[in-house]
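This is what each chain is made of:
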Amino acid sequence: MLMRLSDVDRMFNAMDLLQSRMNRMSSDFGRFRTASPGETAPYSSPATNLYDAGGHLEMKMEVPGISKEDLSIKVQGNYLEVSGKQKADKPEGYTPHRVERGLSSFTRSFTLPTEVDSSKVEAQLSKGLLTIVMPKSEAAQPKQIAIK
Amino acid sequence: MGERTDLVKTENNVPERSREIPAVAPVVDIYENEDEILLYVDMPGVEKDDITLNIDNGKLSLGGVRYISGNGAALWEELVDVEYQRSFSVPQTIDVDKVSAEMQDGVLHLHLPKSEAAKPRQIEIKST
């Protein structure tokens with residue numbers, strides 16, 4: 001009996017190991033844009049994260065080399081569209097030896113899980129990371145239910 | 001038998017060892033003119049103080065860690081904490097003392113000036 005139980009344990013441990021490997025693989029898979037140096041992907045859209053913080057949604061987007069003047073954000077209801085245009089930052093009078101950084105413009109649109117209050121959306125650009133904070137609309141706000 | 005399940009449970013409760021940060025090679029552009037070699041390195045989200053730069057014996061190593069901190073529960077995550085790492089061979093003619101770098105919109109601009117001896121010189125042809 002004891003023997004058999006330990007076998008079962010061992011099997012589950014092996015499965016856990018497999019599971020964690022798979023998780024690691026899929027996390028690698030998500031980083032499609034940064035994972036491959038040397039490969040220029042001019043049409044790729046920037047990687048993003050989306051967080052739900054109860055009262056608001058927060059999006060992070062990787063936009064290296066794009067200044068805030070060249071980014072535009074549109075919000076309507078639960079639709080978000082971010083577009084950007086990378087200026088040619090090739091320095092004058094230099095000979096290029098290697099050009100891996102894609103010079104591109106992109107547009108990426110999202111369907112947000114809830115409606116957001118477009119008048120209160122705020123965006124901030126810092127060190128190539130764009131953060132958009134979108135307060136949820138009144139109807140989508142979490143409500144405290146008082147127990148009678 | 002009860003004891004045994006306890007043992008197994010405690011084993012599962014052991015916290016995971018320190019989370020490993022995946023290492024990634026950043027994309028670079030390399031330019032050159034008569035005075036210097038110029039590198040543009042995409043390192044979005046890396047703080048200026050988290051960048052390490054080493055030039056030793058003709059080898060330039062670049063490194064930087066960036067942490068993504070979001071508020072709330074992640075609905076999707078394509079961006080993760082990343083350690084940027086890349087090294088290059090640089091010619092010995094680089095004037096290491098004058099290397100300078102600045103960060104702009106998540107792009108590292110690295111200037112590697114050539115030493116005086118390595119710069120092309122205009123030779124005047126004397127007429128006899």
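Computed from a prediction, not measured in an experiment: that's the story for all the values here.

Draft legend 1. How the structure looks around the interface of chain A and chain B. In this complex, chain A contributes 51 residues to the contact, which on the side of chain B involves 45 residues. Taking both sides of the interface into account, the surface hidden between chain A and chain B amounts to around 4,200 Å²; carbon and sulfur atoms contribute 56%. Where chain A touches chain B, the interface holds six salt bridges. For the side of chain A that touches chain B, the elements supplying multiple residues, two or more each, are α1 (2-30), β1 (48-52), β2 (56-62), β5 (95-99) and β6 (105-111) of chain A. Looking at the side of chain A that touches chain B, the element that brings in the most residues is α1 of chain A, giving seven residues. Looking at the side of chain A that touches chain B residue by residue, the class counts come to 23 nonpolar, 14 polar and 14 charged. Pairing of β1 of chain A with strand β6 (residues 73-77) of chain B, which is carried by four bridges, proceeds in the antiparallel orientation. Looking at the pairing, Leu50 of chain A lines up with Trp76 of chain B of β6 of chain B.

Draft legend 2. Here's a closer look at the sheet that holds strand β3 (residues 36-42) of chain B. As summarised here, the arrangement of the five strands in space is β5(A)-β2(B)-β3(B)-β9(B)-β8(B), forming an open sheet in which the pairing is antiparallel. Two strands lie at the open edges of the sheet, namely β5 of chain A together with β8 (100-104) of chain B, each paired on one side alone. Neighbour-to-neighbour, the strand axes of this sheet turn through a mean angle of 15°, independent of strand direction.

Draft legend 3. Representation of the pattern of salt bridges. Scanning the entire structure with this criterion turns up 14 salt bridges over all chains. Between Arg98 of chain A and Glu100 of chain A there is a salt bridge, with its nearest N and O atoms 2.5 Å apart. Among the residues examined, Glu100 of chain A registers a relative accessible area of 4% and is labelled buried. For the salt bridge of Glu100 of chain A with Arg86 of chain B, the shortest nitrogen-to-oxygen distance reads 2.9 Å. Placement of the pair is Glu100 of chain A in the loop between β5 and β6 and Arg86 of chain B in strand β7 (residues 82-89), with the two residues belonging to separate chains. Arg86 of chain B matches Glu100 of chain A in its accessibility class, with the two residues each being buried. Each of Arg98 and Glu100 of chain A together with Arg86 of chain B takes part in salt bridges that share partners, so that together they form one network.

How each quantity is defined
Residues numbered from 1 in each chain as written. Chains lettered and ligands numbered in written order. Predicted model: local features only at pLDDT ≥ 70, side-chain atom pairs only at ≥ 80, totals over all residues. Heavy atoms only, no water. Contact = heavy atoms within 4.5 Å. Buried area = accessible area lost by both parts, 1.4 Å probe. Salt bridge = Lys/Arg side-chain N within 4 Å of Asp/Glu carboxyl O. Helix = DSSP H or I, 4+ residues; strand = E, 2+ residues; numbered from the N terminus. Nonpolar A, V, L, I, M, F, W, Y, C, P; charged D, E, K, R; others polar. Pairing = 2+ DSSP bridges. Axes fitted to C-alpha atoms, helices over the stretch in contact; angles between N-to-C directions. Buried < 20%, exposed > 50% of the residue type's maximum accessible area, 1.4 Å probe, protein only.

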